[in-house]
Amino acid sequence: MPNRCRAVRLMIVVAMASLLQACDINLYTNLSEREANAMVAVLLRDGIPASRKVQDNGQLTVVVDEKRFGEAMSALEDAGLPGQSFSNMGQVFKSNGLVSSPVQERAQMVYALGEELSHSVSEIDGIVSARVHVVLPDNDLLKRVISPSSASVLVRYDPATDINPLIPQIKTLVANGISGLSYDGVSVTAIKAVAPGARAVASNPPRLASFMGVWLLEDDLPRARWMFGLLLVCTLGLGGAFAWQHWQRRRANAVYVLEDAT
């Protein structure tokens, strides 16, 4: 009988887990532990249930309720997550076994400079994301008029950050990173990012409630309780049927033994 009780409890747990996870959807995959932790922290802070799953390759997946997918994407975008990925010089100029043309090498150099500088600017405190577009004119040494190099920088910054003191630093960083580029040749366009959680607050997201150790939306709580009650009644019914059959067998065996004894 104790084994049967344990089996019944296991059936309840498995059934509830499958019901509660049926509507989950993968938000991002192939994440590092740091990236996944940052995403889950932002989503939970904004009242969006989220969790992590370990993939077969050791990386992580962030999982959210399918109904909250749009809110989750907006919340992560506001927080600048996932972080930008940049190519470095080694990746751009990785040998492919072919001879590169001068035009290809120049294009690779311009792209690599933009990636390296974008990465450097994005590391500044208060900068959510950054892109640097580099223009290196193909000047002929015989020309009398030489076109200067230029760069355009687009940054999204945290609303709590004063961007004005950072703009001269960004221009100096970019100008010093490109040969022949002057301070005045760098233009910076700064856009204020949406405050983290502002969209969630504005839309008045539903509250969360805990049910059997699992966080659910309050609107889904009655349905979860009803499904759990139905599952519990079915399980008790099956348990009662097994107990009745067991009692009938024992009664029949007892009558058989008494008849043999007489």
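Residues numbered from 1 in each chain as written. Predicted model: local features only at pLDDT ≥ 70, side-chain atom pairs only at ≥ 80, totals over all residues. Heavy atoms only, no water.

Draft legend 1. The sheet that holds strand S2 (residues 50-54), seen in detail. Across the sheet, three strands lie side by side as S1-S3-S2; this open sheet has antiparallel pairing. Pairing within the sheet leaves two strands with one partner each, and these edge strands are strand S1 (24-31) and S2. Within the sheet, the average angular offset between the axes of one strand and its neighbour, ignoring direction, is 25°. Here S1 pairs with strand S3 (residues 60-65) via five bridges, running antiparallel. (Pairing = 2+ DSSP bridges. Helix = DSSP H or I, 4+ residues; strand = E, 2+ residues; numbered from the N terminus. Axes fitted to C-alpha atoms, helices over the stretch in contact; angles between N-to-C directions.)

Draft legend 2. Quick look at the pattern of salt bridges. Applying the stated criterion across every chain, the model contains three salt bridges. A salt bridge links Asp-46 to Arg-45; the shortest N-O distance between them is 3.5 Å. As a salt-bridge pair, Arg-68 and Glu-71 come within 3.0 Å of each other at their nearest N and O atoms. Arg-68 sits in the buried class, given a relative accessible area of 2%. Using a relative accessible area of 29% as the deciding quantity, one classes Glu-71 as partly exposed. (Salt bridge = Lys/Arg side-chain N within 4 Å of Asp/Glu carboxyl O. Buried < 20%, exposed > 50% of the residue type's maximum accessible area, 1.4 Å probe, protein only.)

Draft legend 3. Region of interest: the sheet that holds strand S4 (residues 127-135). Spatially, S4-S5-S6 is the arrangement adopted by the three strands of the open sheet, whose pairing is mixed. Each end of this open sheet is capped by a strand with a single partner; those strands are S4 and strand S6 (186-192). Averaged over all pairs of adjacent strands, the angle between strand axes in this sheet comes to 15°, irrespective of strand direction. Bridge analysis of S4 against strand S5 (residues 150-157) gives eight bridges, and the strand direction is antiparallel. When the bridges of S5 are listed, His-133 appears paired with Ser-152. Its contacts with the sheet place helix H6 (residues 166-177) against S4, S5 and S6, and it is angled at close to 135° to S6. (Contact = heavy atoms within 4.5 Å.)

Draft legend 4. Highlighting the packing of helix H2 (residues 33-45) against helix H3 (residues 69-78). Where H2 contacts H3, the axes come no closer than 10 Å and their chain directions differ by 115°. Judged by the angle between their axes, H2 and H3 are roughly perpendicular. You can see that H2 and H3 cross each other, and the crossing is right-handed. Of H3, the residues touching H2 (which contributes Met-39, Val-42 and Leu-43) are Ala-72, Ala-75 and Leu-76. For the contact of H2 with H3, the residue count by class is six nonpolar, no polar and no charged. (Parallel < 35°, antiparallel > 145°, perpendicular 65-115°, else oblique. Left-handed = near helix turned anticlockwise from the far one by under 90°. Nonpolar A, V, L, I, M, F, W, Y, C, P; charged D, E, K, R; others polar.)

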